[in-house]
Amino acid sequence: MGERIAIQHIIHQFAIKGKISNSVPFGSGHIHDTYRLFNDSPTAPDYLLQRFNHHVFPNPFQVQANIARVSQHILRKLQQTGRPQPERYCLQIIPCKDGTLCYRDPQQQYWRLFVFIPDCHSIDLVDTPEQAYTGAFAFGQFLSQLHDFPPASLHIILPDFNNVKARLAQLHSALQSPNALPDRLQQTAALCEEALSLAPTFVEMQNVYETGHIPQRVTHNDTKFNNLLLNRQGQGQCVIDLDTVMPGMVHYDFGDGIRTATGTAPEDEADLALVAVDQAKLAAYTEGYLDATHHLLQPIELHYLPLAGPLMTYLTGIRFLTDFLLGDPYYKTNFETHNLVRAENQLAFAKMLLAQQGVVQTIIKKYQQ
């Protein structure tokens, strides 16, 4: 009862329409606590209430400011195209009654409120090339809709989040850290050596980006397939989970999509014989993304695009490996070697994707003719 009373108090802080009759936990997210709010008024929407994990995102007001600006920009684009009910195709933040974009309660917890988008669902695993194409096109549209938004005006929410050089520095630091577990250092010696031997392949692209040759864009930075809402027909409707929207390069978004949508097994599959690249899904994802973005991507971006999937998979692998060495302080684990299994999986998959760059290169050539 105490939490219900607390939630009712929280709800009262926001400029909602109608009257909320019920609230229930919603979704399976691992970062924030989410509740669906049911509205008694037939003319008012339902809402999604979230309690921020401010340990992961220490600046909730900056996160909300980024989301508000990006969403408003997308909404204006949708309105210009004359799309019916454009508000169903982008996130809508409900401000507090005092105009702020999130509420800090007396216990120093942060809360935010969104309009609930009805008749949509999300999926965790991509089963078919058609699904891969759908997700890629939606994430590509997101990049395209924001191509004229100034990326430098956004807050940097998580510095160096997708910077492979920074992640490698963290791995090196973990290997020298007094907090590294001796048995795990010994257990991973060969894997660490292999991971570090691959580093030059991926550092090059980050260096080119830092010199300004690869353009800076507004990127989502977490393009897992379940960060897309699908309508009843299975088509992409709204890109969600915009907490990590920041300046970046297109390869972060395209690459993470390839990482999560084109494999034959989940990222924690221990039997590497089951891990492979699904070439049909790889081709479909590439086609979907380029159908939405080929008109704005520059030649140098296209040149490095085949390396994007291997890059983001490698980066994820060394993050898992670093966490394992330090005793799993960041990622939730279900068993003792969970992060090691993840690291072995992702580093193996990165090498497989490196060997499949020709699939992406062939499709890129079609758009260059």
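Described below are features of the structure shown in this document. (Residues numbered from 1 in each chain as written. Predicted model: local features only at pLDDT ≥ 70, side-chain atom pairs only at ≥ 80, totals over all residues. Heavy atoms only, no water.)

## Comments concerning helix 2 (residues 60-80)
In this model helix 2 runs 30 Å from its N-terminal to its C-terminal C-alpha over 21 residues, within 8% of the 30 Å that 1.5 Å per residue would give. Among all positions in helix 2, only Pro 60, Val 63, Gln 64, Asn 66, Ile 67, Ala 68, Val 70, Ser 71, His 73, Ile 74, Lys 77 and Leu 78 are buried. Contact partners of the buried residues in helix 2: strand 5 (110-115), helix 3 (129-145) and strand 6 (217-219). Count one or two residues on from helix 2 and you reach Gly 82, which has phi positive near 75°. (Helix = DSSP H or I, 4+ residues; strand = E, 2+ residues; numbered from the N terminus. Expected span 1.5 Å × (residues − 1). Buried < 20%, exposed > 50% of the residue type's maximum accessible area, 1.4 Å probe, protein only. Contact = heavy atoms within 4.5 Å.)

## Some thoughts on the packing of helix 6 (residues 189-197) against helix 11 (residues 338-355)
Relative orientation and spacing of two packed helices are given, respectively, by the angle between their axes and the distance between those axes. Here helix 6 crosses helix 11 at 35°, and the two axes come no closer than 11 Å. Two packed elements cross with a definite hand, and for helix 6 against helix 11 that hand is left-handed. Taken together, the residues of helix 11 that come into contact with helix 6 (itself represented by Leu 191, Glu 194 and Ala 195) are Leu 340, Ala 343, Glu 344, Leu 347 and Lys 351. Counted by class, the contact of helix 6 with helix 11 contains five nonpolar, no polar and three charged residues. (Axes fitted to C-alpha atoms, helices over the stretch in contact; angles between N-to-C directions. Left-handed = near helix turned anticlockwise from the far one by under 90°. Nonpolar A, V, L, I, M, F, W, Y, C, P; charged D, E, K, R; others polar.)

## Looking at the environment of Cys 102
Here Cys 102 lies in the loop between helix 2 and strand 4 (103-104). Using a relative accessible area of 1% as the deciding quantity, one classes Cys 102 as buried. Remark: the alpha-carbon pair of Cys 102 and Arg 232, spanning 130 residues in sequence, is separated by 31 Å.

## Thoughts on the nonpolar core
Of all hydrophobic cores here, the largest spans 65 residues; its most connected members are Val 70, Phe 142, Phe 254, Tyr 285 and Tyr 289. Residue contacts for Phe 254: discarding those within four places in its chain leaves Tyr 285, Thr 286, Tyr 289, Leu 305, Ala 308 and Val 360. Formed by 34 residues, the second largest nonpolar core is a distinct cluster that contains Val 164, Leu 168, Ala 199 and Tyr 331. (Core = buried A, V, L, I, M, F, W, Y, C linked by side-chain atoms within 4.5 Å.)

## What to know about the side chain of Thr 286
Counting through the fold element by element, Thr 286 comes out in helix 9 (residues 279-293). According to the relative accessible area criterion, Thr 286 is buried, its value standing at 0%. Non-local contacts of Thr 286, meaning those with residues more than four positions away in its chain, are made with Phe 254, Ile 258, Val 360 and Ile 363.

## Description of the pairing of strand 2 (residues 33-39)
Burial runs high along strand 2: five of the seven residues are buried. Two strands pair when backbone bridges link them, and strand 2 and strand 3 (residues 47-51) are joined in this way by five bridges, in the antiparallel orientation. Paired with Arg 36 across the strands is Leu 48, a residue of strand 3. (Pairing = 2+ DSSP bridges.)

## Observations concerning the packing of aromatic side chains
In total, this model carries nine aromatic pairs according to the counting rule given. When the centroid spacing of 5.7 Å and the interplanar angle of 90° are considered together, the rings of Phe 26 and Phe 116 count as edge-to-face. Of this pair, Phe 26 sits in the loop between strand 1 (20-25) and strand 2 while Phe 116 sits in the loop between strand 5 and helix 3; the two residues are 90 residues apart in sequence, bridging distant segments of the chain. Since its relative accessible area comes to 36%, Phe 26 is described here as partly exposed. Taking 4.7 Å as the distance between ring centres and 55° as the angle between the ring planes, the aromatic pair formed by Phe 320 and Tyr 331 counts as tilted. Placement of the pair is Phe 320 in helix 10 (residues 299-325) and Tyr 331 in the loop between helix 10 and helix 11, with a sequence separation of 11 residues. Pairwise contacts between aromatic rings join Phe 254, Tyr 285 and Tyr 289 into one cluster. Seen from the ring of Phe 116, Arg 36 lies directly overhead, with NZ or CZ sitting 3.9 Å from the centre. A cation sits over an aromatic face here: Arg 83 above Tyr 89, 4.4 Å from the ring centre. (Phe/Tyr/Trp six-rings, centres within 6.5 Å; stacked < 30°, edge-to-face > 60°. Lys NZ or Arg CZ within 6 Å of the ring centre and 35° of its normal.)

## Overview of the packing of helix 9 against helix 12 (residues 357-368)
The N-to-C vectors of helix 9 and helix 12 enclose an angle of 30°; their axes lie 9 Å apart at closest approach. Crossing of helix 9 over helix 12 shows right-handed handedness. Side by side, helix 9 and helix 12 meet where Gln 279, Leu 282, Ala 283, Thr 286, Glu 287, Leu 290 and Asp 291 of the first sit next to Val 359, Val 360, Ile 363, Ile 364, Lys 366 and Tyr 367 of the second. Considered class by class, the residues forming the contact of helix 9 with helix 12 number eight nonpolar, two polar and three charged.

Any functional reading would require information beyond the geometric quantities listed.
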